[in-house]
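Observations on the model geometry
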Amino acid sequence: MAHGDLTEYPELLTQLDAWFREGLDQAGPSVVPCSAGCSACCNGPFDISPADAALVARGVRALSPGTRAGVLLRAEAQLTRYAEFAPFWGPPWDVAALGEEAFDQLSEALADLPCPALDSQGICSIYEYRPATCRLMGLAAVTPDGDVLENACPIQSGFPGYAALPPTPFDLLRFELQAEEVDRTVAAKGGFSTTVAGALLLRV
């Protein structure tokens, strides 16, 4: 299966990384608990875009053979769990083929399932190739129009200073429009929206 040219997408994701670094700088040292090994937000299936799916597939190919084998084994185990709730959904695990309502039910039922990209220490094996959704976690964002994307960190209540942080400015709409353009290119070449587990097993 072809997944399109990802030349522009990694560079586009650096906008999110820069936004997060800005938020960290504004917060000050030790306020934001997000760090390697914190995987509180890395649970449950969620849909990722065609470009993110292709990026994740690239990430697993970049791993050492031993690490890749462990990631793929965990991905296969997670997809087996999918079958318990959606027995007629299978390869290539296109979210559109399952349908929004059924996918929401599956995601809710498996909300505590760790991401298969996590190793035994809770560290992301494909961190440099993680999807945009993962990069948006950990801080609130405010757009130029004043719209706020709330911080979805599930443990922020345990860190009062962190929970009280004001949102960090980010032109989310501009980013989304640029990302959609890449998605259209990837989709035109056979890409689709799936989950991290599904993307890890894409054959390219």
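A few words now on the nonpolar core. Val56, Tyr82, Trp89 and Leu200 are the most contacted members of the largest nonpolar core, which has 31 residues in total. Elements represented by at least two residues in this core include exactly α2 (50-61), α3 (65-85), α4 (95-98), α5 (100-109) and α9 (196-200). With residues near it in sequence (within four places) discarded, Tyr82 still touches Pro45, Trp89, Trp93, Leu106, Leu110, Thr195 and Ala197. In terms of nonpolar packing, the next biggest core, distinct from the first, is built from 24 residues, Phe20, Ala27, Ala132 and Leu136 among them.

Within the open sheet, the three strands sit side by side as β2-β1-β3. Their pairing is mixed. The open sheet terminates on both sides in strands that have one partner only, identified here as β2 (148-149) and β3 (168-169). Where strand β1 (residues 141-142) meets β3, two bridges bridge the pair, whose relative direction is parallel. The residue bridging Val142 from the neighbouring strand is Pro169, located in β3.

Relative to the elements of secondary structure, Leu16 occurs in helix α1 (residues 9-27). Discounting chain neighbours no more than four positions away, the residues touching Leu16 are Ala132, Arg135, Leu136, Phe170 and Phe175.

As enumerated under the stated definition, the model contains six aromatic pairs in all. A ring pair is formed by Trp19 and Phe170, whose centres lie 5.9 Å apart and whose planes are at 45°; its orientation type is tilted. Separated by 151 residues along the polypeptide, Trp19 in helix α1 and Phe170 in the loop between β3 and α8 (172-188) bring together distant segments of the chain. The burial state of Trp19 is the same as that of Phe170; both residues are buried. What links up through ring pairs into an aromatic cluster is the set Trp19, Phe20, Phe170 and Phe175. Arg130 extends its terminal NZ or CZ atom over the ring of Tyr127, reaching a point 3.7 Å from the ring centre.

What counts, and where the lines are drawn
Residues numbered from 1 in each chain as written. Predicted model: local features only at pLDDT ≥ 70, side-chain atom pairs only at ≥ 80, totals over all residues. Heavy atoms only, no water. Core = buried A, V, L, I, M, F, W, Y, C linked by side-chain atoms within 4.5 Å. Buried < 20%, exposed > 50% of the residue type's maximum accessible area, 1.4 Å probe, protein only. Helix = DSSP H or I, 4+ residues; strand = E, 2+ residues; numbered from the N terminus. Contact = heavy atoms within 4.5 Å. Pairing = 2+ DSSP bridges. Phe/Tyr/Trp six-rings, centres within 6.5 Å; stacked < 30°, edge-to-face > 60°. Lys NZ or Arg CZ within 6 Å of the ring centre and 35° of its normal.

The quantities given are spatial measurements derived from coordinates; they are silent on function.
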